[in-house]
Amino acid sequence: MKTDSLVQRAIFPVAGLGTRFLPATKASPKEMLAVVDKPLIQYAVEEAYAAGIRQMIFVTGRTKRSIEDHFDTACELEAELTSGGKDELMALVRAIKPDDMDCVYVRQARALGLGHAVLCAERLVHGEAFAVLLADDLMIGEPPIMQQMTELFAERQCSILAVQEVPLSQTGRYGIVKGEAIAPDLVDVKGLIEKPHPSAAPSNLAVAGRYILTPGVFDLIRIQQRGAGGEIQLTDGIAALLAVEQVLAYRYHGTRYDCGSKLGLMQASVVLGETHPELGREFSAWLKDRHTTARESTD
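Quantities reported herein were computed from a predicted structural model and do not represent experimental measurements. (Residues numbered from 1 in each chain as written. Predicted model: local features only at pLDDT ≥ 70, side-chain atom pairs only at ≥ 80, totals over all residues. Heavy atoms only, no water.)

## Some details on the overall build of the chain
Piece 1. In terms of regular secondary structure, the chain is built from 11 helices and 13 strands.
Piece 2. Relative to a compact globule of 299 residues, whose C-alpha radius of gyration would be 19 Å, the chain shows 20 Å and is just as compact.
Piece 3. Structurally, the chain occupies a C-alpha span of about 60 × 55 × 40 Å along its principal axes.
Piece 4. Among the 299 residues that make up the chain, the fraction classed as buried is 47%.
Piece 5. Sequence-distant contacts in the chain: of pairs separated by 6 or more residues, those separated by 24 or more amount to 75%.
Piece 6. Here the chain has roughly 15400 Å² of accessible surface; of this, 52% comes from carbon and sulfur atoms.
Piece 7. Taken together, the 31 basic and 39 acidic charged side chains of the chain have centroids lying 7 Å from each other. (Helix = DSSP H or I, 4+ residues; strand = E, 2+ residues; numbered from the N terminus. Rg over C-alpha atoms; globule rule 2.2 N^0.38 Å. Buried < 20%, exposed > 50% of the residue type's maximum accessible area, 1.4 Å probe, protein only. Contact = heavy atoms within 4.5 Å. Areas by Shrake-Rupley, 256 points an atom, 1.4 Å probe, with all protein chains shown as cover. Lys, Arg positive; Asp, Glu negative; His and termini not counted. Charge placed at Lys NZ, Arg CZ, Asp CG, Glu CD.)

What follows is the structure, given as structure tokens:
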């Protein structure tokens, strides 16, 4: 079960309703929306696994059963694949949940915000540092983003936030960091504001959907007041943590696709489609031909 990573548990808050994708998410979780041939949640779990994390904690809601089913054994499917001699497909199905990976599920009874969702998993992290991955943010990097962060955590031993620069006009969509640079890709966080108006934003450095947090944040989330949107915000809990612990913001090396939006999901599908080992070449050729045809039709 153990790996070299000091971070062994990851929390995946997946209880949201996904209203921006209706009607597609009326009966199916947004985390199960596919980018090429894998659902969003699988990309996030694979990223955590690549970082040495072996216990995946899903904070779910009552409409999220298909996420649990996705990481469970599908006996009928495996029997069909075995009888048909489809060994490659069998390997693909079994790779979804490696033998040394544990999946644990806890329900968020009411949608009270990201901070509350993380708090729901407190008893499952056993007082240790833990990761939080938002499946809405599909993040591609080499090495994987969470691996970059666990390696940094091994060195710094404090909470770490993945961050990226965004246009100032978009600060109202993110938690925004105020801090001092201590290395080319590292900022010592001095303040954190959830979704500030551009005129009130201390910077344009936005928190992306990857965190490594120390367990002290739980006590602070538990007593905090509701914040932006009337919700219990994770950002507010981390901001309170600054009074007692160091928190670092890390400019990760990679690309983030906001798959919580329709445009971001489409962008990720195109980019990952072009690099897919089986269909990438054919798909890229189709795109090129389509663009050529479109230009010719307007000439």
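## Considering the confidence of the model for the chain
Piece 1. The pLDDT averaged across the chain works out to 91; a share of 97% of its residues lies at or above 70.
Piece 2. When pLDDT is averaged over each helix and strand of the chain, the minimum, 84, is found for helix H11 (residues 280–298) and the maximum, 98, for strand E6 (residues 130–133). (pLDDT = per-residue confidence, 0-100.)

## Some words on the packing of helix H3 (residues 75–83) against helix H4 (residues 87–94)
Piece 1. Look at H3 against H4: their axes get within 8 Å of each other, and the N-to-C directions meet at 155°. Between H3 and H4, the interaxial angle falls into the category roughly antiparallel. The interaxial crossing formed by H3 with H4 has left-handed handedness. Between H3 and H4, the residues in contact are Leu77, Glu78, Leu81 and Thr82 and Leu89, Met90, Val93 and Arg94, respectively.
Piece 2. When its residues are assigned to classes, the contact of H3 with H4 shows 5 nonpolar, 1 polar and 2 charged. (Axes fitted to C-alpha atoms, helices over the stretch in contact; angles between N-to-C directions. Parallel < 35°, antiparallel > 145°, perpendicular 65-115°, else oblique. Left-handed = near helix turned anticlockwise from the far one by under 90°. Nonpolar A, V, L, I, M, F, W, Y, C, P; charged D, E, K, R; others polar.)

## Some details on the layout of surface pockets
Piece 1. Counted as a void, the largest pocket has a volume near 1200 Å³.
Piece 2. Around the largest pocket, the lining is made up of 40 residues, and of these Arg20, Lys30, Leu134, Asp136 and Lys195 lie nearest the centre.
Piece 3. The leading source of residues in the lining of the largest pocket is strand E11 (residues 205–213), at 4 residues.
Piece 4. Considered class by class, the residues forming the lining of the largest pocket number 17 nonpolar, 12 polar and 11 charged.
Piece 5. Of the volumes computed, that of the second largest pocket is approximately 430 Å³.
Piece 6. For the second largest pocket, the lining is made up of 16 residues, of which Asp37, Lys38, Gln42, Leu92 and His276 are closest to its centre.
Piece 7. Listing elements by their share of the lining of the second largest pocket, those giving two or more residues are strand E3 (38–39) and helix H1 (40–50).
Piece 8. Among the residues making up the lining of the second largest pocket, the classes are represented as 8 nonpolar, 4 polar and 4 charged.
Piece 9. Residues lining the lining of the second largest pocket come from more than one domain, with at least three contributed by each of domain 1 (9–260) and domain 2 (262–298). (1 Å grid on protein atoms, 1.4 Å probe; cavity = no way out; pocket = protein on both sides within 12 Å on 5 of 7 lines; lining within 4 Å. Points joined across faces, edges and corners; volume = space filled by probe spheres on them. Domains from an automatic or database assignment.)

## Section: the pattern of salt bridges
Piece 1. Counting across every chain of the model gives 14 salt bridges.
Piece 2. One salt bridge connects Glu78 with Arg94, and the closest N-O pair in it is separated by 3.4 Å. With Glu78 in helix H3 and Arg94 in helix H4, the pair connects residues that are 16 residues apart, well separated along the chain.
Piece 3. Given the relative accessible area of 13%, Glu78 is considered buried.
Piece 4. Between Lys190 and Asp188 there is a salt bridge whose closest N-O contact spans 3.1 Å. (Salt bridge = Lys/Arg side-chain N within 4 Å of Asp/Glu carboxyl O.)

## What to know about the domain arrangement of the chain
Piece 1. Per the domain assignment, the segments making up the chain are domain 1 (9–260) and domain 2 (262–298).
Piece 2. In this structure, domain 1 and domain 2 have C-alpha centres spaced 28 Å apart.
Piece 3. Between domain 1 and domain 2, the residue contacts involve 16 residues of the former and 11 residues of the latter.
Piece 4. Approximately 980 Å² of surface area, both sides summed, lies buried where domain 1 meets domain 2, with 75% of it carried by carbon and sulfur atoms.
Piece 5. Contact with domain 2 buries surface across domain 1, with Phe21, Val36 and Tyr257 losing the most and accounting together for 47% of the total. (Buried area = accessible area lost by both parts, 1.4 Å probe.)

## Brief notes about the packing of aromatic side chains
Piece 1. Evaluation of the coordinates by the stated rule reveals 5 aromatic pairs.
Piece 2. Here Phe58 and Tyr105 contribute two aromatic rings whose centre-to-centre distance is 5.0 Å and whose plane-to-plane angle is 15°, an arrangement assigned as stacked. Taken together, the positions of Phe58 in strand E4 (residues 55–60) and Tyr105 in strand E5 (residues 102–107) put the pair 47 residues apart, joining distant regions of the chain.
Piece 3. Taking the centre distance of 6.0 Å and the plane angle of 15° together, the rings of Phe283 and Trp286 count as stacked. On the criterion of helical spacing, the pair formed by Phe283 and Trp286 is a turn pair, its members being 3 residues apart in helix H11. (Phe/Tyr/Trp six-rings, centres within 6.5 Å; stacked < 30°, edge-to-face > 60°.)

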